[in-house]
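# Descriptive structure summary
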Amino acid sequence: MYTQGLNIAAGDKTIPIEAAAGPEAKRFQERVDREEKIEPKDWMPEGYRKTLVRQISQHAHSEVVGMLPEGNWITRAPTLRRKMVLLAKVQDEGGHGLYLYSAAETLGVSRAELIDQLLSGKAKYSSIFNYPTTSWADIGAIGWLVDGAAIMNQVALCRCSYGPYARAMVRICKEESFHQRQGYEIMIALARGTSAQRRMAQDALDRWWWPSLMMFGPSDKESLHSAQSMRWKIKRQSNDELRQRFIDVTVPQAEFIGLKVPDPALSWNAARGSYDFGAIDWTEFNEVLAGNGPCNRERLAARRKAHEDGAWVRAAALAHAEKARARAMKKAG
Ligand code: FAQ
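Residues numbered from 1 in each chain as written. Predicted model: local features only at pLDDT ≥ 70, side-chain atom pairs only at ≥ 80, totals over all residues. Heavy atoms only, no water.

### Focus: the packing of aromatic side chains
The following threshold applies: Any pair of Phe, Tyr and Trp rings, taking the six-membered ring for Trp, is counted once the centres come within 6.5 Å. Such a pair is stacked with planes under 30 degrees apart, edge-to-face with planes over 60 apart, and tilted for the rest. Secondary structure elements are defined from DSSP: runs of H or I of at least 4 residues count as helices, runs of E of at least 2 residues count as strands, and each element is numbered from the N terminus. Three labels apply to residues, based on accessible area from a 1.4 Å probe with only protein chains included: buried if under 20% of the type maximum, exposed if over 50%, partly exposed otherwise in between.
Within the structure shown, the criterion is met by 10 aromatic pairs. Judged by centre distance (4.8 Å) and plane angle (75 degrees), the ring pair of Phe-28 and Tyr-48 falls under edge-to-face. On the criterion of sequence distance, the pair formed by Phe-28 in helix 1 (residues 23–33) and Tyr-48 in helix 2 (residues 46–65) is long-range, its members being 20 residues apart. Residue class for Tyr-48 comes out buried when judged on its relative accessible area of 0%. Here the aromatic rings of Tyr-48 and Trp-232 are separated by 5.7 Å at their centres, their planes lie at 85 degrees, and the arrangement is edge-to-face. In this pair, Tyr-48 is assigned in helix 2 and Trp-232 in the loop between helix 9 (226–231) and helix 10 (239–256), connecting sequence segments 184 residues apart. You can call Trp-232 buried: its relative accessible area is 1%. Of the aromatic side chains, those joined through ring pairs into one cluster are Phe-28, Trp-43, Tyr-48 and Trp-232.

Shown next as structure tokens:
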């Protein structure tokens, strides 16, 4: 019941690769190859549209569900300053969700439809948000690692071939980079604090490291959509490339604050100019995607309750819009 699978395009080996089909498809691919942005009213292959709806809506759901693990700590932030910063960050994530739902709507789906897919348990959202936040250090680890991984992926998406998505990403990346710094700053404070605080920071890194690596998706070998998405320049770098880059920039940050990345196989490979790292537990990843992560049920229950609690706001907004429309018609005669 709690599957996260939307399967619009999953295994959608059935999506025709219209690139091979007619002159319009050929012109479309040429525009993409010339790095022209595709805009909502432009001709596009149906598979391109579906892939974007799938990816952008999963991304929007991730931002909104992603408010929950950190929201859990707003009332328990250790100082007023920390509380204000965390409130602002969580609010930013809600804003990212709104830009992204709007970008998806330019492709001819309604926000209500997309939200329905989330609430019914059909839609995917990022696996990372199905893990619990059990200590204040988790708020540091989320900003540092989760926002850090999100930026690594989203900077590449700023060059996505679809204009509305690419433009939304530019703004989102600016905010995410602030989020990453506030998380790292929390980790620095804890790592330089008492031995109990250092232990909290290390414990948070131990729990969030591997799930953060999973955010980049399955390995390139297993990735269903990467090859076509890269041809369409929706994705600009592969899951494994981005994951490797994230590891390469993050390991020195951990070392700088005296924390140890929980991977005994981690070692610098001078020949590659990159870190070698241990095997990712893909069974855990697949279990989380299948709805069996530590918090999948709790997250969906929270979103459903928020949606039900907000019913009166939607009804009031519609009634207001209807009255305004009737007044305007009366005035127009
Ligand atoms: N979790 O063939 P691929 C954030 C699915 S935002 C769940 O490689 P694709 C901000 C994938 O959807 C974080 N599902 O797929 C924040 C596909 O399923 P489908 C979200 C995953 O699309 C911070 C199947 O596996 N960011 O954190 C995951 O080419 C802090 C096969 O995979 C985005 O969404 C996963 N980790 O590449 C908020 C960025 N990985 O549809 C609050 C945009 C893969 O066939 C607090 N998205 N799957 O049923 C992307 O760049 C891509 O969609 C990837 C996956 C890279 C995530």
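Picking up where we left off.
### A word on the environment of Ser-274
To keep it simple, the criterion reads: Two residues qualify as a contact provided that any one of their heavy atoms is within 4.5 Å of a heavy atom in the partner residue.
Along the polypeptide, Ser-274 turns up in strand 2 (residues 274–276). Taking the relative accessible area as the measure of exposure, Ser-274 reaches 9% and is therefore buried. Distance from Ser-274 to Asp-248, taken between C-alpha atoms, is 6.0 Å for residues 26 residues apart in sequence. Look past the residues within four positions of Ser-274 in its chain and what remains in contact with it is Gln-244, Asp-248, Ser-267, Trp-268 and Asn-269.

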